[in-house]
Amino acid sequence: MEKFKELGLEGEILKGIEDLGFEVPSPVQEKVIPVILGEENDLVALAQTGTGKTAAFGLPLLQKLDTTVEAIQVLILSPTRELCMQIGKDLENYAKYRKDIRVACVYGGADIRRQIKQLERGVHVLVATPGRLCDLIKRGAVQIEGVRAVVLDEADEMLNMGFKEDLNFILDETPATRNTYLFSATMPREVERIAKNYLHNAKEISVGKKNQGADTVRHEYYQVRAKDGYETLHRVIDCAPDMYAIIFVRTKIDARDIARKLQKDGIDCDALHGDLSQAQRDEVMERFRGKRLKVLVATDVAARGLDVDNLTHVINYNLPEDVESYTHRSGRTGRAGREGVSVAIINSKEKGKLRRIENLLKKKFQYREVPGGEEVCRAQLLYYADKILAVEPKETLDKYQQDLFEKFISLEKEELIQKLISYEFGKLLKKYASVEDLNLSDEERHEGKRSRRESRQEESRYEFTTFSVNVGREDGFTPRDLMAIINANTPRKGIEIGGIRIFERNTKFEVDIRGIDSFMSHFRNVNFNGLPFVLSEVRDRYNSERGGRREYGGGKRNATANNKWRSENRRSDGSSRGRFGEKKKGKKRG
Ligand code: ADP
Ligand code: MG
């Protein structure tokens, strides 16, 4: 608690988080809380899911409230209904000892009249999805002229979901004197634009990735033919009777199809994806939280920000498109010191991607054989036996006891167990009596020449984007410096660097930025020999000047592995990426 006190929190709010068991602030809380409590600064904070953002803005804003003023003073915008409800619940917990504070949540897909009634009773803090809030404003059902602070939570996600216009509308309705706090996991251009238009003198804060690959997470993979992916998944689930897991898939169609198949195969599961109505999403989440579903099949976007504890497994039915997402997925298990397993089901073509993830995690995946029928049955039966051993006989059974005993009197104990198991597990035992061995031979796994060549090809297919930076030979800048700066400031290690040309006063270089969100934003506070390191993207002129495929430079430029000196550096959208806030100019030269 001392640490929270040092940040400026006090009184009842401290008591509230003490009850929640918070002991020390998370890094984002350490940086954000003093800013919000302190001078009137706006704020842009880059932080991933699970870093503790809600308390970072929630605690200081609750503390700053003046509850003698009857008006909405704090407005928190969040992309989905679940996230709104979660924030609302968190804030109520923080304010457990502040009965004078009133928090309300409004979101789409729920009865608007009830929300209007709640607003009429008076609210200090409003948590809202942008769409619903716009509706309420347009109906005149909510007054936000008294708002002193606006939080844009998961701003990138709100924009992804098409809330741009709603956000602009809402922000225009709030007083210009408000403070705005923007939180986002990534900084795509649209988020920068919002920040530029609506934030003033914003402080920028960025916290490192949360605990990449906590040590409590074990990483395992199954390598099978692509066509056997589903059956492998099915067996992995059947082989872990106490599993409580999220299965990540790439598309919403996959989510729906896999969930349906698993349901047919008798597994308690459902899908969470963008096409569900709010009511359906709620219903699915309620069943999953209540553990009535053993597994939830979800896309990355749908699962984002959901705070579900105690997952035993995270299953990557497909590896994510970008290797960074893997850490976000696997970080959902192994929480609170418990052991968790992150499982990847891959085919031979995905070996390369798996290796890239290993490099990023600095951890090895453990190869696992797909369980056969016997293993699955043994796991299920022993689990059942343990359950039976652990159960307390119900007292109400006494009445029937005599009759039951008489029924079974002729059976030996062994016979009784056999009958019981056959009755309970008949279907399972039959299904798994003879199943195909899905494992590849060692040769297929390691020597599969074709697939290896394919994965090599996949690995060497770079897509370079060309950048220019404002330091050059005159500044003593060398390719080695460039590579060191890039590797130190981008989240992915082993990033592919193409050609580098050092000029007198600037340097042009190629880099494969796929999988790295807003590449340039990572260099915002970087210096080289005291000069701000200012990047800009170079487009067609430089590329055409190079005559398409001309190659330059020589030797290995990649900080890690084999580099292929390709020059496929056309960006299909021809976009140029502005710097955040466009504030910093290049250095002046004498
Ligand atoms: P984010 O919004 O960044 O995704 P949340 O605010 O939902 O993250 O927090 C993630 C989890 O961490 C929540 O379960 C929350 O209760 C917990 N948490 C947050 N801050 C602390 C802290 N200082 N100590 C312990 N647990 C915390
Ligand atoms: Mg959050």
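Residues numbered from 1 in each chain as written. Chains lettered and ligands numbered in written order. Predicted model: local features only at pLDDT ≥ 70, side-chain atom pairs only at ≥ 80, totals over all residues. Heavy atoms only, no water.

## Section: the overall build of the protein
And step 1. If you tally the helices and strands in the protein, you get 23 helices and 20 strands.
And step 2. Here the protein, with 590 residues, has 51% of them falling under the buried criterion.
And step 3. Counting only contacts in the protein whose residues sit at least 6 apart along the sequence, the fraction spanning at least 24 positions is 76%.
And step 4. By element, 48% of the accessible surface of the protein is carried by carbon and sulfur atoms, the whole surface being about 29700 Å². (Helix = DSSP H or I, 4+ residues; strand = E, 2+ residues; numbered from the N terminus. Buried < 20%, exposed > 50% of the residue type's maximum accessible area, 1.4 Å probe, protein only. Contact = heavy atoms within 4.5 Å. Areas by Shrake-Rupley, 256 points an atom, 1.4 Å probe, with all protein chains shown as cover.)

## Observations regarding the sheet that holds strand β14 (residues 366-367)
And step 1. Strands sit in the order β10-β11-β9-β12-β13-β8-β14 across an open sheet of seven strands; the sheet is parallel. Both outer strands of the open sheet, β10 (269-272) and β14, are each paired with one neighbouring strand and no more.
And step 2. Direction of pairing for strand β8 (residues 217-223) relative to β14: parallel, over a ladder of two bridges. By the bridge assignment, Y221 is partnered in β14 with Y367.
And step 3. Across the sheet, helix α13 (residues 278-289) is in contact with β9 (245-248), β10 and β11 (295-298); its angle to β10 comes to roughly 135°. (Pairing = 2+ DSSP bridges. Axes fitted to C-alpha atoms, helices over the stretch in contact; angles between N-to-C directions.)

## With respect to the site of ligand 1
And step 1. Taken together, 14 residues lie around ligand 1, and V24, Q29, G50, T54 and D307 are the ones closest in.
And step 2. Within the backbone of T51, a nitrogen or oxygen atom sits 3.1 Å from an oxygen atom of ligand 1.
And step 3. Here an oxygen atom of ligand 1 sits 3.1 Å away from a polar atom, N or O, in the main chain of G52.
And step 4. For ligand 1, the protein covers 76% of the area, taking 570 Å² as the surface of the free molecule.
And step 5. In the shell around ligand 1, the residues fall into four nonpolar, eight polar and two charged. (Near = heavy atom within 4 Å. Polar contact = N/O pair within 3.5 Å; in protein donor to acceptor, adjacent residues only side chain to side chain. Nonpolar A, V, L, I, M, F, W, Y, C, P; charged D, E, K, R; others polar.)

## Observations concerning the pairing of strand β16 (residues 497-502)
And step 1. In terms of burial, β16 is a largely internal element, six of the six residues being buried.
And step 2. Pairing of β16 with strand β17 (residues 507-511), which is carried by four bridges, proceeds in the antiparallel orientation. Looking at the pairing, I500 lines up with F509 of β17.
And step 3. The hairpin turn running from β16 into β17, its antiparallel successor, is four residues long.

## Re the pattern of salt bridges
And step 1. According to the stated counting rule, one finds 27 salt bridges in the structure shown.
And step 2. A salt bridge links K431 to D238, with the shortest nitrogen-to-oxygen separation between them at 3.7 Å. With K431 in helix α19 (residues 413-431) and D238 in helix α11 (residues 229-238), this pair connects stretches of sequence that are 193 residues apart.
And step 3. A salt bridge links E321 to R250, with the shortest nitrogen-to-oxygen separation between them at 3.4 Å. Of this pair, E321 sits in the loop between β12 (313-316) and α15 (323-330) while R250 sits in the loop between β9 and α12 (252-264); the two residues are 71 residues apart in sequence, bridging distant segments of the chain.
And step 4. The class of E321 is exposed, set by a relative accessible area of 60%.
And step 5. According to the relative accessible area criterion, R250 is partly exposed, its value standing at 35%.
And step 6. A single network of salt bridges, built from pairs that share partners, joins R218, E220, E339 and R368. (Salt bridge = Lys/Arg side-chain N within 4 Å of Asp/Glu carboxyl O.)

## Let's talk about the confidence of the model for the protein
And step 1. When pLDDT is averaged across the protein, the result is 84; 86% of the residues are at 70 or more.
And step 2. In this model residues 540-590 is a low-confidence stretch, pLDDT under 50, and it forms 117 contacts with partners more than four residues away in sequence or in other chains. (pLDDT = per-residue confidence, 0-100.)

## Considerations on the packing of aromatic side chains
And step 1. On inspection of all chains with the given rule, the structure shows 12 aromatic pairs.
And step 2. Where F57 meets F183, the ring centres are 5.3 Å apart and the plane angle is 55°; that geometry is what we call tilted. A residue pair is termed long-range when its members are at least 10 positions apart, and F57 in helix α4 (residues 53-64) and F183 in strand β6 (residues 179-184) qualify at 126 residues.
And step 3. With a relative accessible area of 0%, F183 lands in the buried category.
And step 4. The structure contains a cluster of three or more aromatic residues connected by ring pairs, namely F467, F477, F509, F519, F523, F528 and F533.
And step 5. In this structure, R445 is placed above the aromatic ring of Y367, and the distance from its NZ or CZ to the ring centre is 3.4 Å. (Phe/Tyr/Trp six-rings, centres within 6.5 Å; stacked < 30°, edge-to-face > 60°. Lys NZ or Arg CZ within 6 Å of the ring centre and 35° of its normal.)

## With respect to a negative patch on the surface
And step 1. Residues E369, E375, E436, D437, D442 and E443 make up a contiguous surface patch of negative charge.
And step 2. Mapped onto the elements, E369 comes out in the loop between β14 and α17 (373-390). (Patch = residues over 30% accessible without salt bridge, like charges linked within 9 Å, V, L, I, M, F, W, Y side chains within 5 Å. Lys, Arg positive; Asp, Glu negative; His and termini not counted. Charge placed at Lys NZ, Arg CZ, Asp CG, Glu CD.)

## Description of the sheet that holds strand β4 (residues 125-128)
And step 1. Ordered by their spatial adjacency, seven strands build an open sheet running β3-β4-β2-β5-β6-β1-β7, and the pairing between neighbours is parallel. With one partner strand each, in any of the chains shown, β3 (103-106) and β7 (203-206) form the two edges of the open sheet. Ignoring strand direction, the axes of neighbouring strands in this sheet form an average angle of 15°.
And step 2. Both strand β5 (residues 149-152) and β6 contribute to a ladder of four bridges, which runs parallel. If you follow A149 over to β6, its bridge partner there is N179.

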